[in-house]
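Listed below are the residues making up each chain.
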Amino acid sequence: METIVAEVENLKKGFGSNKVLNGLTIKVKEGENLVVLGRSGSGKSVLIKCLVGLIEPDEGNIVLLGESITDLEIDALNLLRKKIGFLFQSAALYDSMTVRENLEFPLRGNKELKREEIDSLVEEALKNVGLSEAIDKMPSELSGGMRKRVGLARTLILKPKIIFYDEPTTGLDPITSEEISLLILDIQKKYNTSSIIITHDMECARITANRMIIIKDGISIAEGKFEELEKSKDEWVRSFFKSKNEN
Amino acid sequence: MTSDSKTIDNKVSTETNTDSENSYKKSLVGFFEDITLLTKFSLRFFKEVFKPPYEFNELVRQSYLIGYKSFPLVAITGFIMGLVLTIQSRPTLAEFGAESWLPAMVAVSIIREIGPVITALIFAGKVGSGIGAELASMKVTEQIDAMEVSGINPFKFLVITRVLSSTLMLPLLVIVADTIAMYGAYIGVNLKGDVTFQLFFSQVFEKLDFSDVFPAMIKTFFFGFSIAMISCYKGYNSNKGTEGVGESANSAVVIGSLSIFILDMIAVQITSLFL
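Quick notes on the rules
- Residues numbered from 1 in each chain as written.
- Chains lettered and ligands numbered in written order.
- Predicted model: local features only at pLDDT ≥ 70, side-chain atom pairs only at ≥ 80, totals over all residues.
- Heavy atoms only, no water.
- Helix = DSSP H or I, 4+ residues; strand = E, 2+ residues; numbered from the N terminus.
- Contact = heavy atoms within 4.5 Å.
- Areas by Shrake-Rupley, 256 points an atom, 1.4 Å probe, with all protein chains shown as cover.
- Rg over C-alpha atoms; globule rule 2.2 N^0.38 Å.
- Salt bridge = Lys/Arg side-chain N within 4 Å of Asp/Glu carboxyl O.
- Buried < 20%, exposed > 50% of the residue type's maximum accessible area, 1.4 Å probe, protein only.
- Expected span 1.5 Å × (residues − 1).
- Bend = angle between axes of the 7 residues up to and from the residue.
- Pairing = 2+ DSSP bridges.
- Polar contact = N/O pair within 3.5 Å; in protein donor to acceptor, adjacent residues only side chain to side chain.
- Buried area = accessible area lost by both parts, 1.4 Å probe.
- Nonpolar A, V, L, I, M, F, W, Y, C, P; charged D, E, K, R; others polar.
- Core = buried A, V, L, I, M, F, W, Y, C linked by side-chain atoms within 4.5 Å.
- Axes fitted to C-alpha atoms, helices over the stretch in contact; angles between N-to-C directions.
- Parallel < 35°, antiparallel > 145°, perpendicular 65-115°, else oblique.
- Left-handed = near helix turned anticlockwise from the far one by under 90°.

Q: Just give me the short version of the overall build of chain A, but keep the residues and values in it.
A: Secondary structure summary: chain A contains 9 helices and 10 strands in total. Overall, the C-alpha framework of chain A stretches about 55 × 45 × 40 Å when taken along its three principal axes. Pairs at least 24 residues apart make up 65% of the contacts formed inside chain A by residues separated by at least 6 positions. Looking at chain A as shown, the accessible area adds up to about 11600 Å², and 47% of this sits on carbon and sulfur atoms.

Q: Talk me through the overall build of chain B; I want residue IDs and the actual numbers.
A: Each helix and strand counted, chain B has 9 helices and 0 strands in total. Traced from its N-terminal end to its C-terminal end, chain B shows the element sequence α-α-α-α-α-α-α-α-α. At 24 Å, chain B has a C-alpha radius of gyration far larger than the 19 Å of a compact globule built from 275 residues. Each of the three principal axes of chain B carries a C-alpha extent, and together these read 75 × 70 × 35 Å.

Q: Before we move on, can you summarise the pattern of salt bridges with the specific residues and values?
A: Under the counting rule described, the total for this entry stands at 24 salt bridges over all chains. Across the pair Arg115 of chain A and Glu104 of chain A runs a salt bridge, and its minimum N-O distance is 2.3 Å. Note that Arg115 of chain A is positioned in helix 4 (residues 115-128) and Glu104 of chain A in helix 3 (residues 99-104), a separation of 11 residues in sequence. On the basis of relative accessibility, which here comes to 43%, the residue Arg115 of chain A falls in the partly exposed class. Residue class for Glu104 of chain A comes out buried when judged on its relative accessible area of 17%. With a shortest N-O distance of 2.7 Å, Glu55 of chain B and Arg108 of chain A are connected by a salt bridge. Of this pair, Glu55 of chain B sits in the loop between helix 1 (3-48) and helix 2 (56-66) while Arg108 of chain A sits in the loop between helix 3 and helix 4, each in a different chain.

Q: Describe helix 3 (residues 71-95) of chain B, and please don't skip the residues or the numbers.
A: An α-helical segment advances 3.6 residues per turn. Residues three or four places apart therefore align on the same side. Residues and elements named next belong to chain B. Its 25 residues place the ends of helix 3 37 Å apart at the C-alpha level, agreeing with the 36 Å of an ideal helix rising 1.5 Å per residue. Along its length, helix 3 shows its largest kink, about 30°, at Ser89, and proline Pro91 lies within four residues downstream of that point. Turning to helix 3, its buried residues are Val74, Ala75, Thr77, Gly78, Met81, Gly82, Leu83, Leu85, Thr86, Ser89, Arg90 and Leu93. Looking at the packing, one finds that the buried side of helix 3 touches helix 4 (102-140) and helix 6 (154-191).

Q: Explain the sheet that holds strand 2 (residues 18-29) of chain A residue by residue, including any values.
A: All names here are of chain A. Spatial strand order, 2-1-4-5: 4 strands in an open sheet with antiparallel pairing. Among the strands making up the open sheet, the edge pair consists of strand 2 and strand 5 (67-68). Relative to strand 2, strand 1 (residues 4-15) is paired through 9 bridges, and the arrangement is antiparallel. Looking across to strand 2, one finds that Val8 is bridged to Ile26.

Q: With reference to specific residues and values, describe unusual backbone geometry.
A: For the peptide bond that leads from Pro52 of chain B to Pro53 of chain B, omega is 0°, which places it in the cis range. Located in the positive-phi region is Leu65 of chain A, a residue other than glycine, with phi close to 50°. Among the structural elements, Leu65 of chain A can be located in the loop between strand 4 (59-64) and strand 5. By relative accessible area, which is 25% here, Leu65 of chain A ends up partly exposed.

Q: Mind laying out the side chain of Asn102 of chain A, listing which residues take part and the relevant values?
A: Residue and element names in this part refer to chain A. Mapped onto the elements, Asn102 comes out in helix 3. The class of Asn102 is buried, set by a relative accessible area of 0%. Within the structure, Asn102 has its side chain in polar contact with the side chain of Arg154 (distance 3.1 Å).

Q: Give a description of the interface of chain A and chain B that names residues and reports values.
A: Counting residues at the interface gives 21 residues for chain A and 13 residues for chain B. Between chain A and chain B, the buried area comes to about 1700 Å², and carbon and sulfur atoms account for 56% of it. For the pair chain A and chain B, the interface holds 2 salt bridges. Between Lys49 of chain A and Glu142 of chain B there is a salt bridge, and its shortest N-O distance comes to 3.1 Å. At the boundary of chain A with chain B, the tally comes to 6 residue pairs in polar contact (both at pLDDT 80 or more). Contributions of two or more residues to the side of chain A that touches chain B are made by helix 2 (74-81) and strand 6 (84-87) of chain A. The residue inventory of the side of chain A that touches chain B, partitioned by class, reads 12 nonpolar, 3 polar and 6 charged.

Q: Hey, could you go over the nonpolar core for me, with residue numbers and the actual values?
A: Membership of the largest hydrophobic core comes to 76 residues, with the highest contact counts inside it found for Leu47, Leu51, Leu64 and Phe164 of chain A. For this core, the leading source of residues is helix 6 of chain B, giving 11 residues. Discounting chain neighbours no more than four positions away, the residues touching Phe164 of chain A are Ile48, Leu51, Val52, Leu64, Ile84, Gly85, Phe86, Leu87 and Ile196 of chain A. The next biggest cluster of nonpolar side chains, apart from the first, holds 43 residues, and it includes Leu37, Leu131, Ile197 and Met212 of chain A.

Q: Which residues make up the packing of helix 6 of chain B against helix 7 (residues 197-207) of chain B, and what values do they have?
A: All names here are of chain B. The geometry of helix 6 relative to helix 7 is characterised by a closest axis approach of 11 Å and an angle of 120° between their N-to-C directions. As summarised for this structure, helix 6 and helix 7 are arranged oblique, according to the angle between their axes. Judged by the twist between their axes, the crossing of helix 6 over helix 7 is right-handed. In this structure, helix 6 uses Met182, Tyr183, Ala185, Tyr186 and Val189 to contact helix 7, whose residues at the interface are Phe197, Phe200, Phe201 and Val204. Broken down by class, the residue content of the contact of helix 6 with helix 7 amounts to 9 nonpolar, no polar and no charged.

Q: Could you give an account of the sheet that holds strand 7 (residues 162-166) of chain A, with specific residues and numbers?
A: Two strands in a sheet stick together by hydrogen bonds in their backbones, pointing the same way (parallel) or opposite ways (antiparallel). Residues and elements named next belong to chain A. Taken in spatial order, the 6 strands line up as 6-7-8-3-9-10 in an open sheet, and their pairing is mixed. Each of the sheet's edge strands pairs with one partner strand only, and the pair in question is strand 6 and strand 10 (219-224). On average, adjacent strands in this sheet sit at an angle of 20° to one another, irrespective of strand direction. Sheet analysis places strand 3 (residues 33-38) next to strand 9 (residues 211-216), joined by 5 bridges and oriented parallel. Within the sheet, the bridge partner assigned to Val35 lies in strand 9 and is Met212. Together, strand 3, strand 6, strand 7, strand 8 (194-199) and strand 9 form the strand contacts of helix 1 (residues 44-51), whose direction differs from that of strand 8 by roughly 150°.

So, in structure tokens, the structure goes:
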């Protein structure tokens, strides 16, 4: 029987009169990459922020690794967050810290780890994203692609069971985008992580997706594998793939 | 003027009045909303400050940045403050033949009022704007969210450390500023006179007592706390992109400076009740 690691049920969220999510339901299986596709403003980023408790939903339930995050106290939520990774669209590196300090940051408070263990975790995470040489650089010295990689390394340092990617290839050139997409796939295989990948980059979706859902008006209107959705009878769904083929 | 154009003018003037009334109401509501949120923010500080884990290393780092790095600016300000106050006060005292009172008068003015207030204003400009801009920039670039999702409490790491450092460092900076201001005053006295170092300071300490120093020191803790709290609140809750960064830095300085005068007024009232 397949284990469900993330489950969203009837999720609703609005900002004033603007209803962004209107009863969205999704499930992510263990070891699966789920790509969430939708037009800008369709609520993809709101969904991912609700999943980690950055935005409180108006209605609905979110269960991550068997725990309902809407019922958790802040301390319990922080413990759960240690098992979850999040790659921000902008990478969100702490710009007053070096790459090494950025990677060490999520480990603070873990008194059991010795200095050598922290160093080896940092080195391993950077090696996994192919950026060992950037360890003492400041974020301002890194390119967009490198920042994304360091962001990913910072996410990996806690060895999360689920990773949420918020538009991981936005703002990158096609070659770097492909590298990041392949890296996501590589991490899935290496760490057996489950992922929710928010994107509107069809190439990234093609490379990384085990399954996809398409959001429109705050609900899921289509679900399936990349190849299945590409041949969908729904004109609106196919329009996503059309733009990709034209490119 | 025709009656039609009069009607239009009246209509326009009524609309303008309604608009200004609405914007007045809006800013009044905004002001009270801000006060409520700032109070909640401060209460959260007291709720979380005693709860482990304690960010001791960050507290030390912030104390270095906030305290030590402000030292040169505060020292220069203090020196000029003492020198200028002495030079400006001399003619008036000379008119009454009370030049010998100059050291004592300058010392009481600096220790009781001018030292703490001017240093706090300089501190609000340097440290308050820095905290406001830094936290606002972290907010708009999702760095605060990144801390939160990695299971670290950003309020503890960013707000508590800065507020504590500021509360502890400002009194020390005021002591430094007051001391250097007294040296400035000594030079000021000797520009047109001949007073020995020993005589100058013996006159100063003769007239200064506990009731001058203690309340002045106590209020600087409150100044430091309010400057950092307001700056952190403005930065932490910034939400208008890059425009919000500038706005947060600006309002951190403006409201922080205003809070110094309000707290000073309260402190003077309380002191006059007891001393």
